[in-house]
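Summary of structural features
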Amino acid sequence: MSITPATRLFTSACFAAAIACVFLFAASLLSQSSAKSNAPPEPSSSATASHNSNPSQPSDLPQLVDITSSTGIHFEHLSSPEQRYIMESMSGGVALIDYDRDGWPDIYFTNAQSVEMAKSGKKARSALFHNNRDGTFTDVTDKAGVGYPCWANGVSVGDYNNDGWPDLLITCFEGVVLYRNNGDGTFTDVTKEAGLAGDKGWAMGSTFGDYDADGWDDLFISHYVDISLDNLPVFGSSKTCQYHGIDVQCGPRGLKGLPDSLYHNNGNGTFTEVSKEAGVSDPERRFGLTSVWTDFDQDGHLDLFVTNDGQPNYLYRNDGAGHFKDVAYTAGVAVSQDGVEQANMGVALGDYLHTGRFSIFITHFSDEYAVLYRNDGQMNFTDESYASGIAAVTTPYVSWGDAFLDWRNNGWPDIFLVSGHVYPQVDSAEVGTKYQEPMLLFENQCNGTFKDSSKLAGPAIQVPRVARGIACGDLFNDGRIDVVVETLKGQPLILQPQGGPQNHWISFQLEGVQSNRLALNARVKGTAGDLVQTGQVLSGGSYLSQHDLRIHFGLAAHDHLDKAEIVWPSGKVETLTNLQADRFYKLKEGQGIVSSDPPSRAATKP
Amino acid sequence: MKKTEVFLLWTLLLFCSVPCCSQSSPSRQQQIEAHLTQAQADISQNRPDLAIGEFKAIVALDPRNVDARGNLGVLLFFHGQNADAIPQLRAALRLQPNLPKIQALLGLAEKRTGDLISAAADLQTAFPKLQEEKIQVQTGMELIDLYSATGDLPKAVPVIATLRDKDPTNVEMIYTAYRIYSSLLDETRLSLIVAGPNSARAHQMMAQELARQGHTDEAIANYREALKIDPNASGLHFELAEMLNSSGAAGSREEAEKEYQAALALNPQDEKSECKLGDLAALRGDQNAAAEHYGRALKLQPNDSEAMIGLAKAFMTLNQPEKALPLLQQAVKIDPTNATAHFRLSTLYRKMGRADDASRELADYQKYKAMKEKLRETYRQMRLDPGKKDQEDDARN
């Protein structure tokens, strides 16, 4: 019997790193150099760092601290109190976008009004916050002209005209809005001239990716429910509008779905819809949520993963000739391990086992478990949710945004996810779940399993909220990955890792030349001793959100990267060697390193 | 069905023979043959009323003529003259007892004249002997109707079971069965309440009823009350555990686990509780404990496909596919429509590189899943709620 060998053996790299780090940690304790301070960390330097990747000691963990108030970000996502209609529960995407290309991630929040507001002509204001490089942000929405795109659900970043300036794609309750970045701090709505005005349905997940490798970002948009403000199902009106016997909003079950759309970039600022020809039109009209491009089987062609709410996911395999075939069932990622469809909200991709392959993590509704599909190669995945220790912990929650996130900088991506119910009514009944729910953090144990550390990373993530999208990135260029959480009700949340081991790290920003300018779906394989990890530039993902486009590797005790192997979307492969850790590298296709910067002193400010 | 056709269906004797038992003189015999010929003509012209007269004449000439008695009885019955039909049919049966169709018709006639006791006796005797399906169905349904009227519903159970075996998709039969069982349920429920209003079983029954109506909390309260009255009553701990397990309330799963354990303590042979404990262990990620529970369940009930699937799942999670494979293969043999088992097996074959086997199992999974979904959807669509529908219509207008 030739079973694919399990890859959750204790790998030599992880073992060595753990031993080395425990040693160093012990040394740091002896020298009274505690890393437990709640103060923001000083920029790392190999001379002073204490390193630890052993997750077993709570005091050793960085704390995810709520620094929202110090950032100057004031934004309120609107929400009706009762959420009597499904579209009032689904918005909440957030994007990290360096729109002014100053090397500091800025933040864009989507916003959505209630049905009542919409019917009376009122709009919800989405918002763009400029990163002031000192730990604070300034609301530049009005100047940028991105405040009122639509009833905004999600957001993704791409560079549709290849001018090097990242553009914004907003998914709306009725269609999409494409904002062209003018390069001067302003954006222009080019939806119509780009040929996207025909997209009229309820759009949710969007993702840019150059599926035909012509150097131009194509665009996929998943659509959700076929519903309009003039034809709304009545709250509690049927079995599909009830939850544990309580009257709630209707849908998506019982409502009609919408087909999905793939737009081919014509290379002249316009798109042409090719969904049907390409085979990704979703004729079954499943309830599409999040979508993301990646080359799962590493055959050189971008594949497409689309989650569907309560229905089987799609995994479209790219044949390299402009056609896709749904292989989700045969690949093992369509449904749960028992063959049951789950809610399929947010998607995270990550090489959590250091195999060089991207596994899939998906968040779900309560009474379902968040699923971790391990990528075994050759379009074969295994549901590792139970074996990895994730399933039981995640089952009670309605979860959304998620990410593989190396918040300890030990080189092993952990998992972070946020939750919050869709029915405020659950608070009035004993149904075993609440409207506001805590966030969850799982530590990668370097052996294929994860440890629930949600209560070990500080109080901020234990506070119950109604969260939706999350975006991760190094907001303060301090070498640590922060998390921006958009909530459905009220203020967003900025979480910064503080304290814990002073592990090394390295960051890459890629620019394509023959490849698309943002280098979407470029992969970097970083080798530091026996710590070998792979990262990727991704558009979209999480839940209707956009992470930082830079690739970040934690390096634990390694003060340099022996080798960085870059696989560009064009197929070119470049190798860089002996890269000093704790620096931000800008790489250009065919030109290697174009700049290298140390972390910013601004990191100490928030 | 036309009256003539119905009549012909019921007759056994008409036209196929002339009297053979009687010792008539040639002249009487000729008269009888003449009457019979005329009766044939009347029947073929759809004039049973005239044929009745001819058969009466024959009976007058030859009172021991079974065929004439029988056919006269049949004609009178279908002519609505039940009271007149009865003596003719009885006479025929006296002369020749092994005539189940005649006896069934006699039972029907007796039922229609209000002689329910005789009717029940005749229909009951005739029913198992009837060969023609349509006649057996009609007889069976009349018998069930009669049992229903006389309060003898338990006697209807084997009758409907026989009928359903013969025609499993017959909607009328299925509905009749449903009515019999639900009436029996009502009757039993009432008896239990009358006999032991404060008994553990009465509370257990009430809990089941509340659970069926979706009143989980009230059901749990009744189970708890039942357990207070009789902590050792069989099935109580398991049912309470099931209710707690499905309630979703905080801490209910832990409580459910305790109740399953209590059920097992009372009855170590309780295979279902072992299985459920396996499910709970698997849910909290303790696959070794899950495997132990499922393993014990399988020892108690080697053909329980759910325990097989559970154990196979645990083995798959523990990365022991070689142990999972035979279990899943056996599970789909025992329970061929179990979509989960087919899906699991498909996953396992895929991991083993057995692509064709994986595809076959995946196809089976999709087939059975679609079938169940269709059923669920049909049921959902049938749940018409005029009040809610009106609300929706109002809102849209």
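With that settled, consider the overall build of chain B. A count of helices and strands for chain B gives 21 helices and zero strands. Considering chain B as a whole, with its 397 residues, one finds that 41% of them fall into the buried category. Considering only contacts in chain B between residues 6 or more positions apart, those separated by 24 or more positions represent 42%.

A word on the overall build of chain A. Across its full length, chain A carries seven helices and 38 strands. Looking at chain A as a whole, 62% of its 606 residues qualify as buried.

Residue and element names in this part refer to chain B. Running from amino to carboxyl end, helix α3 (residues 48–61) crosses helix α4 (residues 66–78) at an angle of 150°, the nearest separation of the two axes being 9 Å. Classified by the angle their axes make, α3 and α4 are roughly antiparallel. When the axes of α3 and α4 are compared, the crossing they make is left-handed. Judged by residue contacts, Pro48, Ala51, Ile52, Phe55, Lys56, Ile58 and Val59 of α3 engage Ala68, Arg69, Asn71, Leu72, Leu75, Leu76 and Phe78 from α4.

To continue, consider the interface of chain A and chain B. Taken together, the contact pairs 28 residues of chain A with 33 residues of chain B. Taken together, the elements giving at least two residues each to the side of chain A that touches chain B come down to α6 (328–331), β23 (380–383) and α7 (391–394) of chain A. Taken together, the residues of the side of chain A that touches chain B break down into 10 nonpolar, 15 polar and three charged.

All names here are of chain A. Judged by pairing direction, the sheet is antiparallel, and its four strands sit side by side in the order β2-β3-β4-β5 without closing on themselves. Looking along the sheet, the strands with just one partner apiece sit at the ends: β2 (94–97) and β5 (137–139). The mean angle between the axes of side-by-side strands here comes to 25°, regardless of whether they run parallel or antiparallel. Relative to strand β3 (residues 106–109), β2 runs antiparallel, the two being bridged by four bridges. Residue pairing across strands places Leu96 opposite Ile107, the latter belonging to β3.

All names here are of chain A. Strand order in the open sheet made by the four strands is β20-β21-β22-β23, with antiparallel pairing throughout. The two strands at the open ends of the sheet, each matched to only one other strand, are β20 (347–350) and β23. Shown here is a sheet whose adjacent strand axes are inclined to one another by a mean of 25°, direction ignored. Inspection of the sheet shows strand β21 (residues 359–362) paired to strand β22 (residues 371–377) by three bridges, in the antiparallel sense. Within β22, the position partnered with Ile362 by the bridge is Val371.

Residues and elements named next belong to chain A. Mapping Ala321 onto the fold places it in the loop between β18 (314–318) and β19 (324–326). Residue classification places Ala321 among the exposed residues on the basis of 7 C-beta atoms within 10 Å. Sequence separation between Ala321 and Val190 is 131 residues; the distance between their C-alpha atoms is 29 Å.

Quick look at helix α20 (residues 355–382) of chain B now. Three- or four-residue spacings in an α-helix give side chains the same orientation, since the helix completes a turn every 3.6 residues. For α20 of chain B, spanning 28 residues, the distance from its first C-alpha to its last is 40 Å, which sits close to the expected 40 Å at 1.5 Å a residue. Where α20 of chain B is concerned, the buried positions are Ala358, Glu361, Leu362, Asp364, Tyr365 and Tyr368 of chain B.

We now examine the nonpolar core. The biggest cluster of nonpolar side chains holds 224 residues, and the ones touching the most others in it are Tyr108, Leu168 and Ile170 of chain A together with Leu311 and Leu328 of chain B. Residue contributions to this core peak at eight residues, all from helix α17 (residues 305–317) of chain B. Dropping the residues within four chain positions of it, Leu168 of chain A is found in contact with Ala95, Ile97, Tyr108, Val146, Val155, Val157, Tyr179 and Phe187 of chain A. With 44 residues, the next largest nonpolar core counts Ala51, Leu99, Leu123 and Ala126 of chain B among its residues.

It is worth spelling out α3 of chain B at this point. Residue and element names in this part refer to chain B. With 14 residues, α3 ought to run about 20 Å at 1.5 Å a step, and its terminal C-alpha atoms sit 20 Å apart, in line with that. Of the residues making up α3, those classed as buried are Ala51, Ile52, Glu54, Phe55, Ile58 and Val59. Mapping the buried residues of α3 onto a view down its axis gives an arc of 165°, with all of them on the same face. The outward face of α3, more than 90 degrees from its buried face, is lined by the exposed residues Asp49 and Ala60.

A few words now on the pairing of β3 of chain A. All names here are of chain A. Of the two faces of β3, both are covered, the one formed by Asp106 and Tyr108 as well as the one formed by Ile107 and Phe109. Pairing between β3 and strand β4 (residues 127–131): three bridges, direction antiparallel. Following the sheet pairing, Ile107 is matched in β4 by Phe129.

Looking now at unusual backbone geometry. Residues and elements named next belong to chain A. For the bond from Gly251 to Pro252, the omega torsion is 0°, close enough to zero to count as cis. As for its placement among the helices and strands, Pro252 is situated in the loop between β13 (246–247) and β14 (261–265). With phi around 50°, His244 is a residue other than glycine that occupies positive phi space. When you line up the elements, His244 lands in the loop between β12 (242–243) and β13.

We now examine the environment of Met206 of chain B. Structurally, Met206 of chain B can be placed in helix α11 (residues 200–212). Linking Met206 of chain B and Glu218 of chain B, residues 12 residues apart in sequence, is a C-alpha distance of 9.2 Å.

With that settled, the discussion passes to the packing of helix α15 (residues 271–283) of chain B against α17 of chain B. Residues and elements named next belong to chain B. Close contact between α15 and α17 brings their axes to 10 Å; oriented N to C, the two are set at 25°. By the angle between their directions, the pair α15 and α17 is classed as roughly parallel. By crossing handedness, the relation of α15 to α17 is classed as left-handed. Note on element contacts: α17 touches α15 through Glu306, Ala307, Gly310, Lys313 and Ala314, opposite Cys275, Gly278, Asp279 and Ala282. Classifying every residue of the contact of α15 with α17 by side-chain character gives four nonpolar, two polar and three charged.

For the rest of this paragraph, the subject is the pairing of strand β24 (residues 399–405) of chain A. Residues and elements named next belong to chain A. Of all seven residues in β24, seven are buried; the element is thus mostly enclosed. Pairing between β24 and strand β25 (residues 414–419): five bridges, direction antiparallel. Looking at β25, one finds that Leu405 is bridged to Asp414.

Moving on: the confidence of the model for chain B. All names here are of chain B. On average, residues of chain B score 89 in pLDDT, and 90% of them reach the 70 mark or higher. Under a pLDDT of 50 for its full length, residues 12–24 has, in the predicted model, 23 contacts with residues more than four places off or in other chains. Reported for the predicted complex are a pTM of 0.82 and an ipTM of 0.85.

Moving on, we come to the environment of Leu78 of chain A. All names here are of chain A. By the secondary structure assignment, Leu78 is in the loop between α2 (68–71) and β2. Between the C-alpha atoms of Leu78 and Gln113, which are 35 residues apart in sequence, the distance is 5.9 Å. For Leu78, the contacting residues outside a window of four places in its chain are Asn111, Ala112, Gln113, Ser114 and Ala124.

Residue and element names in this part refer to chain A. Across chain A, the average pLDDT comes to 90, with 89% of residues at or above 70. Across residues 1–58 the pLDDT falls below 50, and counting only partners more than four positions away or on other chains, this stretch makes 123 contacts in the model. Low pLDDT, under 50, characterises residues 602–606; the predicted model gives this stretch 21 contacts beyond four residues in sequence or across chains.

Calculation notes
Residues numbered from 1 in each chain as written. Chains lettered and ligands numbered in written order. Predicted model: local features only at pLDDT ≥ 70, side-chain atom pairs only at ≥ 80, totals over all residues. Helix = DSSP H or I, 4+ residues; strand = E, 2+ residues; numbered from the N terminus. Buried ≥ 20, exposed ≤ 12 C-beta atoms within 10 Å, placed from the backbone. Contact = placed C-beta atoms within 7 Å. Axes fitted to C-alpha atoms, helices over the stretch in contact; angles between N-to-C directions. Parallel < 35°, antiparallel > 145°, perpendicular 65-115°, else oblique. Left-handed = near helix turned anticlockwise from the far one by under 90°. Nonpolar A, V, L, I, M, F, W, Y, C, P; charged D, E, K, R; others polar. Pairing = 2+ DSSP bridges. Expected span 1.5 Å × (residues − 1). Core = buried A, V, L, I, M, F, W, Y, C linked by C-beta atoms within 7 Å. Arc of directions from axis to C-beta. pLDDT = per-residue confidence, 0-100.

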